[in-house]
Amino acid sequence: MEIWINPACSKCRSAVSLLDAEGADYTVRRYLEDVPSPEEIRAVLDRLQLEPWDITRTQEAEAKELGVKEWPREAGSRERWIAALAGHPKLIQRPIITAQDGSAVVARTDEAVRDAMGR
């Protein structure tokens, strides 16, 4: 199991604390420093069964500068969104946990973290 975190994020710190409290075996990826490639983002999106716009933090300053809220949310624009996430990792929703069964969850709640641990 791997968790993508931003250490400055309270939801990320909470998720890591819960993983530790439950004795989970996991690795941490500080995705702002170890930026995921477009291929890795595609793989995580497949595991999440989501589209890139579903995991984009549209309220971030960088998102507003790029104007992502106005971008089309359709298959033809998917690569544009993925390139934006790879080029501006701060826009990636967090934390994301990739579970042992090949799935993934956006783990913003304790329930989501526990769900990932049970997979």
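### Some details on the packing of helix α2 (residues 38-48) against helix α4 (residues 78-87)
Here is step 1 of the chain: Where α2 contacts α4, the two axes come as close as 9 Å, and the packing angle between them is 115°. In this view, α2 runs roughly perpendicular relative to α4, as classed from their interaxial angle. As for the relative orientation of α2 and α4, their crossing is right-handed in sense. Within the contact between the two elements, α2 uses Pro38, Ile41, Arg42, Leu45 and Asp46 and α4 uses Arg78, Glu79, Ile82, Leu85 and Ala86.

### Brief notes about the packing of aromatic side chains
Here is step 1 of the chain: Overall, the coordinates contain three aromatic pairs when judged by the stated rule.
Here is step 2 of the chain: Arranged with centres 5.8 Å apart and planes meeting at 70°, the rings of tryptophan 53 and tryptophan 81 form a pair that is edge-to-face. Taken together, the positions of tryptophan 53 in the loop between α2 and α3 (61-66) and tryptophan 81 in helix α4 put the pair 28 residues apart, joining distant regions of the chain.
Here is step 3 of the chain: Aromatic rings pair up to connect Trp53, Trp71 and Trp81 into one cluster.
Here is step 4 of the chain: Just above the ring of tryptophan 71 sits the side chain of arginine 80; from NZ or CZ to the centre is 3.9 Å.

### Considerations on the environment of glutamate 39
Here is step 1 of the chain: In this fold, glutamate 39 is placed in helix α2.
Here is step 2 of the chain: On the basis of relative accessible area, glutamate 39 is assigned to the exposed category, the value being 52%.
Here is step 3 of the chain: Spatially, the C-alpha atoms of glutamate 39 and glutamate 2 are 16 Å apart, while their sequence positions differ by 37 residues.

### Overview of α4
Here is step 1 of the chain: Turning to α4, its buried residues are Arg78, Trp81, Ile82, Ala84, Leu85 and Ala86.
Here is step 2 of the chain: On its buried face, α4 is in contact with α2 and α3.

### What to know about the nonpolar core
Here is step 1 of the chain: By size, the foremost hydrophobic cluster in this structure holds 20 residues, and its most contacted members are Ile41, Leu48, Ile55, Leu85, Ile92 and Ile96.
Here is step 2 of the chain: Elements with a minimum of two residues in this core: α2 and α4.
Here is step 3 of the chain: With five residues, α4 is the largest single contributor of residues to this core.
Here is step 4 of the chain: Once residues within four sequence positions are removed from consideration, leucine 48 is found in contact with Ile55, Ile96, Ala104, Val105 and Val106.
Here is step 5 of the chain: Core analysis: the second largest hydrophobic core is formed by 17 residues, Ile3, Ile5, Ala15 and Leu19 among them.

Cut-offs and rules
- Residues numbered from 1 in each chain as written.
- Predicted model: local features only at pLDDT ≥ 70, side-chain atom pairs only at ≥ 80, totals over all residues.
- Heavy atoms only, no water.
- Axes fitted to C-alpha atoms, helices over the stretch in contact; angles between N-to-C directions.
- Helix = DSSP H or I, 4+ residues; strand = E, 2+ residues; numbered from the N terminus.
- Parallel < 35°, antiparallel > 145°, perpendicular 65-115°, else oblique.
- Left-handed = near helix turned anticlockwise from the far one by under 90°.
- Contact = heavy atoms within 4.5 Å.
- Phe/Tyr/Trp six-rings, centres within 6.5 Å; stacked < 30°, edge-to-face > 60°.
- Lys NZ or Arg CZ within 6 Å of the ring centre and 35° of its normal.
- Buried < 20%, exposed > 50% of the residue type's maximum accessible area, 1.4 Å probe, protein only.
- Core = buried A, V, L, I, M, F, W, Y, C linked by side-chain atoms within 4.5 Å.

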